[in-house]
Amino acid sequence: MHVVPSICAFCGVGCGIGLRVQNDRVVGVEPQPGHPISQGQLCSKGWATSFAIEPANRLTEPLVKEHGRFRRASWDEALGRVAEALAIALDEAGPQGVGVISCARACNEDNYAAQKFARAVLGSHNIDHCARICHSPSVAGLAMTLGSGAMTNGIADIDEAELIMVIGADVSENHAMIGARMLRAQARGATLIVVDPRKTRLARLADIHLQLRLGSNIALLNGLLQIILANGWENHAFLAARCEDIQPLRRHLAGLSPERTSALTGIAVADLERVAYLFSHARTAFTAYGMGITQFQSGTNNVIAVSNLALACGQVGRPGTGINPLRGQNNVQGACDMGCLPNVYPGYQDAADAAVQAKFAAAWGRPAPEHPGLTSLGMTRAALDGELRALMIMGEEPVLTDPDQGHVARALTALDFLVVVELSLTETAKLADVVLPAASFAEKHGTFTNCERRVQRVRQAVQAPGMARCDWQILGELAARMGYPGMAWGDAEAVFEEMAGLTPIYSAMSYAALEQSYGLQWPCDAEHPQGSPLLHERGFPRGRARLLPVSQVEPDECPDADYPFALTTHRLHFHYGGGSMTRQSPLLERGTPAALLFMNPSDAVRLGLEEQQPVAVRSRRGSLETRVHLTDDVPPGVLAMPYHFREAPCNRLTNGAQDPLSKMPELKACAVAVQALSIGSSGGVHASL
Ligand code: SF4
């Protein structure tokens with residue numbers, strides 16, 4: 001047995017793992033000793049990595065659908081079908097009629113290839129990925145206030161924080177090694193504040209838990225800032241030296257009072273005043289937030305409100321501080337960096353900028369696409385309208401993870417042609433015309449970029465099962481079949497070198513440089529050849545930071561007589577995404593019963609429900625059956641469901657209402673009704689009201 005150093009392929013923390021290899025099989029995993037993030041530890045998901053890539057559960061051959069059933073095919077036949085179908089869609093509908101959804105789990109090299117394929121081969125900016133439904137408001141909001149949408153500080157900064165504020169993030173469940181680091185910081189004396197409508201595990205352990213009303217983030221953040229400004233607790237020197245005029249925001253907040261904020265959020269005035277004092281007086285305050293901030297129709301404004309609070313108190317640009325969006329998937333930061341977004345080329349170079357277009361046109365030998373691109377949800381809508389004809393989905397599971405599942409499935413079946421590149425036959429892949437088997441991260445060389453902008457190497461440890469191939473290889477061959485030879489890379493390093501040559505924030509990176517340490521944090525360029533653990537030390541990318549007035553926006557759907565509960569969605573420690581990787585592990589599967597509706601016991605008494613009783617849950621978009629779990633994790637009137645389970649896919653219920661700027665759907669709040677079910681004598685489930 002030998003051990004190949006790699007990076008955990010689950011969440012965006014980017015822990016260092018060693019793949020234990022025996023007879024060309026990954027038989028186990030161990031933590032990388034000395035790794036700066038994981039520090040010789042892993043969470044349950046990391047330890048279960050080998051199950052996620054188990055060859056027995058994988059696609060090993062291309063599949064083509066005929067008369068509604070899949071049959072095995074050769075690569076030649078499958079790629080021929082894909083190339084022909086894409087060519088027909090291009091002929092009939094033009095570049096706007098085709099699109100690519102890339103993968104936040106795949107390597108940077110695969111994602112670079114995906115956006116190049118969309119732009120240079122298909123001639124379309126229709127390229128997007130699941131960042132749309134996790135942190136697109138961070139990219140949009142922080143670009144407006146700071147000029148850059150990534151974590152401003154590193155994970156190690158938690159060790160230097162005097163105060164840690166976690167807003168809308170279930171860190172010990174979803175970013176377990178960051179949660180553990182926060183608890184260690186608390187144990188050495190840091191103050192831990194959690195802002196969340198649910199009593200998460202971290203909230204129960206925190207010094208202060210602000211259990212705000214679901215969806216009242218801006219009211220709370222504005223209210224804290226109003227108290228700070230009213231008491232003169234803001235950082236005057238930082239504001240004068242580093243920020244644009246705060247007066248418009250000061251005037252915007254002047255009409256608020258702690259009592260008004262308390263009424264809007266449900267938080268006691270004394271708690272508001274205590275947190276405002278602690279945050280503004282902390283020598284170093286590290287702010288982390290997650291999808292409890294971003295997944296609202298006010299997602300971008302929520303992010304701006306977080307930014308306003310940190311900037312006003314000067315809690316940015318120093319070790320132990322910062323505005324830190326915690327990214328969900330292992331390489332969602334990298335997929336964004338690679339330009340798998342419709343409005344930017346790699347390195348966030350503006351797709352609408354003529355000079356940027358000319359640069360990539362010259363490098364790739366193809367003109368820039370003429371039309372602005374569609375987001376992933378825009379592509380779903382265009383498919384339903386008959387405007388998008390053909391779509392390639394790489395490694396994503398929109399049928400389970402996007403809002404309003406019925407709408408997504410209808411859109412995918414309305415396409416003339418769907419090709420899915422995947423490890424296994426997911427719910428989305430089942431709808432495809434062609435399915436192509438992909439190599440997992442343990443079967444190829446490449447890089448992942450974690451949530452703190454650290455680019456790290458993954459290495460081929462074993463052969464891919466059967467005929468599975470790297471995504472960049474599949475896309476390169478498809479490009480050649482479609483008449484474009486510019487993606488015929490010899491290996492993953494050649495893809496990385498081409499990308500780094502065109503991407504200023506990665507320009508000083510190479511595989512050799514990444515090997516020398518535990519990766520490098522961007523920007524890594526001639527000025528910062530050793531990378532940049534800390535951003536905005538001396539200035540912001542946009543010059544002075546902006547504090548922008550924003551107002552509370554209620555969720556699109558609030559409870560009413562027909563749908564009396566507010567439903568929010570969340571994740572569980574033992575599972576990840578649509579469960580296609582974690583549900584392969586019997587250990588992880590044993591850790592959580594499939595699909596539950598979390599309900600406050602007082603609501604259960606009112607409805608006459610008992611623990612584990614079957615219920616039907618319905619919203620204006622659909623319904624499902626599951627079982628209730630009674631817990632005071634959720635307050636009365638609020639229900640919560642994890643989204644990992646195809647048996648009870650909560651995104652059948654969620655609302656597609658979108659943030660106007662980032663197009664983020666409001667996954668965190670919708671209105672639902674609950675109906676008790678009973679098990680009949682035949683074993684069937686019946687509604688009993
Ligand atoms: Fe993997 Fe994330 Fe767990 Fe680290 S915290 S072991 S990256 S799932």
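First things first, this report covers the structure right here in the doc. Here the structure is a predicted model, which means the values were calculated and not measured.

Concerning the overall build of the protein chain
Per the secondary structure count, the protein chain includes 25 helices and 27 strands. Computed over C-alpha atoms, the radius of gyration of the protein chain comes to 24 Å, within 12% of the 26 Å expected from 2.2 N^0.38 for 689 residues, which places it in the range of a compact globule. Here the C-alpha coordinates of the protein chain stretch approximately 75 × 70 × 55 Å along the principal axes. Per-residue burial over the protein chain gives 62% buried out of 689 residues. The contacts in the protein chain between residues at least 6 apart in sequence include a share of 73% that link residues at least 24 apart. Approximately 23400 Å² of the protein chain is accessible, and the part contributed by carbon and sulfur atoms is 51%. For the protein chain, the distance from the average position of its 58 positive side-chain charges to the average position of its 68 negative side-chain charges is 2 Å.

Let's talk about the pairing of strand S15 (residues 390-394)
Within S15, 5 of the 5 residues are buried, which leaves it mostly tucked inside the rest of the structure. A two-sided burial pattern is seen for S15, the buried positions comprising Ala390, Met392 and Met394 on one face and Leu391 and Ile393 on the other. One ladder, built from 4 bridges, connects strand S6 (residues 98-101) with S15; its direction is parallel. Directly across from Val98, in S15, lies its bridge partner Ala390. The pairing of S15 with strand S16 (residues 417-422) spans 5 bridges and is classified as parallel.

With respect to the sheet that holds strand S10 (residues 208-210)
Taking strand neighbours across the sheet as the criterion, the 5 strands line up as S10-S9-S8-S11-S12 in an open arrangement whose pairing is parallel. Since the sheet does not close on itself, it has two edges, and those belong to S10 and strand S12 (323-325), each with one partner. Sheet twist, expressed as the mean angle between neighbouring strand axes with direction ignored, is 15 degrees. Direction of pairing for strand S8 (residues 163-167) relative to strand S11 (residues 285-289): parallel, over a ladder of 5 bridges. Paired with Leu163 across the bridge in S11 is Ala285. Contacts from helix H7 (residues 176-187) reach S8, strand S9 (191-195) and S11 within the one sheet, and its direction differs from that of S8 by about 145 degrees.

Points about the site of the ligand
Contacts to the ligand come from Cys8, Phe10, Cys11, Val13, Gly14, Cys15, Leu42, Cys43, Lys45, Gly46, Ala176 and Met177. Sorting the residues of the shell around the ligand by element identifies helix H1 (44-47) and H7 as the ones contributing at least two each. A class-by-class count of the residues in the shell around the ligand yields 9 nonpolar, 2 polar and 1 charged.

Regarding the layout of surface pockets
In this structure, the largest pocket spans a volume of roughly 1200 Å³. In terms of lining, the largest pocket is formed by 47 residues, of which the most central are Ala143, Gly147, Ser148, Gly149 and Tyr348. Top element by residues in the lining of the largest pocket is helix H5 (residues 136-145). It accounts for 5 residues. Considered class by class, the residues forming the lining of the largest pocket number 21 nonpolar, 17 polar and 9 charged.

Considering the pattern of salt bridges
Scanning all chains against the criterion turns up 34 salt bridges. A salt bridge links Arg71 to Glu66; the nearest nitrogen and oxygen atoms lie 3.0 Å apart. Looking at Arg71, the relative accessible area reads 29%, which means it is partly exposed. By relative accessible area, Glu66 is classed as partly exposed at 32%. Linking Glu77 and Arg81 is a salt bridge whose minimum nitrogen-to-oxygen distance equals 3.9 Å. Here the residue Glu77 and the residue Arg81 both occupy positions in helix H3 (residues 75-93), the gap between them amounting to 4 residues, near one helical turn.

Observations concerning the nonpolar core
Generally speaking, nonpolar side chains in soluble globular proteins are found buried as a group. Membership of the largest hydrophobic core comes to 66 residues, with the highest contact counts inside it found for Val100, Phe117, Leu436, Met487, Phe496, Tyr506 and Met509. At 8 residues, H3 tops the list of elements feeding residues into this core. Other than its neighbours up to four places away in sequence, Phe117 contacts Leu86, Val100, Leu122, Leu475, Leu478, Ala479, Met482 and Met487. Of all hydrophobic cores here, the second largest spans 49 residues; its members include Ile228, Ile246, Phe279 and Ala282.

Structural notes on the environment of Ala241
Take Ala241: it is sitting in helix H10 (residues 236-242). Expressed as a C-alpha distance, the spacing of Ala241 and Gly539, which sit 298 residues apart in the sequence, is 9.6 Å.

Quick word on the sheet that holds strand S20 (residues 520-521)
Pairing within the open sheet is antiparallel, and its 3 strands lie in the order S18-S19-S20. The sheet is open, and its two edges are formed by strand S18 (446-449) and S20, each paired on a single side. Of the strand pairs in this sheet, S18 and strand S19 (residues 454-458) are connected by 4 bridges, and their pairing is antiparallel. Within S19, the residue paired with Gly446 across the bridge is Val458. Contacting S18 and S19, helix H4 (residues 108-121) crosses the sheet at an angle of about 90 degrees to S18.

What counts as what
Residues numbered from 1 in each chain as written. Predicted model: local features only at pLDDT ≥ 70, side-chain atom pairs only at ≥ 80, totals over all residues. Heavy atoms only, no water. Helix = DSSP H or I, 4+ residues; strand = E, 2+ residues; numbered from the N terminus. Rg over C-alpha atoms; globule rule 2.2 N^0.38 Å. Buried < 20%, exposed > 50% of the residue type's maximum accessible area, 1.4 Å probe, protein only. Contact = heavy atoms within 4.5 Å. Areas by Shrake-Rupley, 256 points an atom, 1.4 Å probe, with all protein chains shown as cover. Lys, Arg positive; Asp, Glu negative; His and termini not counted. Charge placed at Lys NZ, Arg CZ, Asp CG, Glu CD. Pairing = 2+ DSSP bridges. Axes fitted to C-alpha atoms, helices over the stretch in contact; angles between N-to-C directions. Near = heavy atom within 4 Å. Nonpolar A, V, L, I, M, F, W, Y, C, P; charged D, E, K, R; others polar. 1 Å grid on protein atoms, 1.4 Å probe; cavity = no way out; pocket = protein on both sides within 12 Å on 5 of 7 lines; lining within 4 Å. Points joined across faces, edges and corners; volume = space filled by probe spheres on them. Salt bridge = Lys/Arg side-chain N within 4 Å of Asp/Glu carboxyl O. Core = buried A, V, L, I, M, F, W, Y, C linked by side-chain atoms within 4.5 Å.

Read these as geometric descriptors, not functional statements.
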